[in-house]
Every structure is written in structure tokens, then in C-alpha cells.
Amino acid sequence: MFTDHLAEAAAVPRVAVTRVGVTGHRAIPPAVLPYVRSALRDRFSRTDVELEALSCLAAGADQLFADIALAHGVPVTAVIPGMDYEAHLGDEEARSTYRRILGSCTTRVDLPRQPTHEQAYFAAGCWIVDHCDHLIAVWDGRPARGMGGTGDVVAYARRSGVPVTVLWQAGVRRE
């Protein structure tokens with residue numbers, strides 16, 4: 001009988017992909033970096049779930065997140081804000097790291113052009129929130145310094161019901 005063969009088949013666990021997005025500060029104080037690195041390594045070394053990482057690849061938290069994901073074999077989707085993005089990434093080291101990581105990404109999403117850089121950053125942060133299952137925020141807990149900053153993206157995620165994990169060392173403030 002057909003059902004007899006089903007009973008003999010080994011059950012194969014279904015693994016769903018969990019999409020993890022990032023938002024965070026470009027400048028991370030040295031006192032916070034070891035904690036953030038360790039927490040990201042723990043997140044991306046999980047074997048009980050298949051992961052995908054979503055990042056804008058900005059200097060700081062985004063590049064650190066993407067580098068650690070790639071080091072753990074986690075595919076990264078680059079979400080590129082709708083602006084002359086690379087020119088605004090900071091110094092040559094940040095732009096070089098951006099190009100290196102971008103070349104290793106499995107997917108690239110280029111967002112529509114926005115009227116201002118701040119709107120482009122916020123649109124990219126919202127896109128990540130709208131397409132992830134969990135948001136990692138490398139965030140000091142303070143309000144955004146400009147529209148589209150980390151605090152704005154975290155607030156949007158919380159309003160949207162997306163779980164947020166904040167990675168920061170207690171008592172440490174950004175410059």
C-alpha cells in the first residue's frame with residue numbers, strides 16, 4: 001500500500017529562510033566593536049535556520065554586518081539607496097570596502113531616486129524593514145541625527161511589527 005512507503009521515508013525538516021536586516025551607525029565607538037562583532041558572529045553561525053542578510057553596505061555597522069555574514073557563508077542582498085550613493089559613503093577606504101562587499105553580494109536592489117539624500121537613506125532603511133524577518137540595530141538608543149538615521153529606521157520597524165535586536169554596549173555614547 002502507498003502509505004506503507006511513506007512511513008518508511010525519513011522525515012526531512014523544512015528549513016525556511018530568515019531574512020535579517022541591519023541598520024546602524026557609521027561610527028561605532030571602539031568600546032562597542034568587540035560586543036557587536038561577537039553578537040553578529042553568534043547570529044550568523046546559527047545552523048538551525050537558513051539566513052539571508054540585507055544591508056545598504058554603508059560604512060560602519062552595515063559593512064561590518066555584511067562582512068561577518070559573508071564570512072559565515074550567509075548570502076547578502078545589497079540595498080542601494082536612490083542617490084549618488086557611492087560618492088557619499090565617506091573616505092576611500094569606505095568606498096573600497098563597499099565595492100569589495102558589493103562584488104560578493106548575491107543580489108543587488110537599486111531603489112528609485114529620491115529628492116534628497118536623507119529621503120534616500122530612509123527609503124532604503126524602510127525597504128530593508130519591509131523585506132526582513134528581523135532587524136539588527138547597531139544603535140546607541142538615541143534619536144536620529146537626521147532624517148533616515150538609525151533611530152528613524154528602528155521606530156519604523158517597531159511600528160511595522162518587525163522584531164528588533166539592539167546591539168550596543170551599555171553606558172557607551174557615540175561622538
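Residue positions are given per chain, counted from 1 along the sequence in the order it is written. Per-residue local features are limited, in this predicted model, to residues with pLDDT of at least 70; the limit for side-chain atom pairs, both in listing and counting, is 80 or more; totals at the level of whole chains, interfaces and linings are taken over all residues. Computation of side-chain values: all heavy atoms of the structure, hydrogens and water removed.

**Remarks on the overall build of the protein**
Thought 1: Within the protein one finds six helices and six strands.
Thought 2: Working definition: helices are DSSP H or I runs of at least four residues, strands are E runs of at least two. Numbering for both runs from the N terminus. When the elements of the protein are put in sequence order from the N terminus, they spell out α-β-α-β-α-β-α-β-α-β-α-β.
Thought 3: Each principal axis of the C-alpha distribution contributes one length, and for the protein these read about 70 × 40 × 35 Å.
Thought 4: Under the scheme applied here, a residue whose accessible area is under 20% of the maximum for its type counts as buried, over 50% as exposed, and between as partly exposed, the area being computed with a 1.4 Å probe on protein chains only. Buried positions account for 44% of the 175 residues belonging to the protein.
Thought 5: Looking at the protein alone, contacts between residues at least 24 apart form 78% of all its contacts between residues at least 6 apart.
Thought 6: About 9,300 Å² of surface is accessible on the protein, with carbon and sulfur atoms providing 52% of the total. Residue contacts follow a heavy-atom distance rule, with two residues in contact if any of their heavy atoms lie within 4.5 Å. In this description, accessible areas are obtained by the Shrake-Rupley approach with a 1.4 Å probe, and a residue is regarded as covered only by the protein chains that are shown.

**Notes on the pattern of salt bridges**
Thought 1: Any carboxyl oxygen of Asp or Glu that lies within 4 Å of a side-chain nitrogen of Lys or Arg is treated as forming a salt bridge with it. Under the definition given, this model contains eight salt bridges.
Thought 2: Put simply, Glu 86 and Arg 99 hold a salt bridge, and the shortest N to O gap is 2.3 Å. Taken together, the positions of Glu 86 in the loop between β3 (76-80) and α4 (92-104) and Arg 99 in helix α4 put the pair 13 residues apart, joining distant regions of the chain.
Thought 3: A salt bridge links Arg 174 to Asp 140; the nearest nitrogen and oxygen atoms lie 3.1 Å apart. You can see Arg 174 sitting in the segment after β6 (164-167) and its partner Asp 140 sitting in the loop between β5 (134-138) and α6 (150-160), a full 34 residues away along the chain.
Thought 4: Three or more residues joined by partner-sharing salt bridges are found here, namely Glu 86, Glu 92, Arg 95 and Arg 99.

**Points about the confidence of the model for the protein**
Close reading of the predicted structure is inappropriate where its pLDDT is low.
Thought 1: Mean pLDDT over the protein: 90, with 91% of residues reaching 70 or higher.
Thought 2: Every residue gets a pLDDT, meaning the predictor's confidence in that residue, from 0 to 100. Counting interchain partners and residues more than four positions distant, the pLDDT-below-50 stretch residues 1-12 has zero contacts.

**Notes on the sheet that holds β6**
Thought 1: Reading across from one edge, β4-β3-β2-β1-β5-β6 is the order of the six strands in this open sheet, with parallel pairing throughout. Strand pairing shows two members of the sheet lacking a second neighbour, β4 (107-110) and β6, which therefore form its edges. Averaged over neighbouring strand pairs, the angle between their axes works out to 20 degrees when direction is ignored.
Thought 2: Here, a strand pair is defined by DSSP locating no fewer than two bridges between the strands. Pairing analysis gives three bridges linking strand β2 (residues 50-55) to β3, with the strands arranged parallel. What sits directly across from Ser 55, in β3, is Ala 78. Inter-axis angles, ranging from 0 to 180 degrees, are taken between N-to-C directions of lines fitted to C-alpha atoms, where helices are fitted over the stretch in contact.

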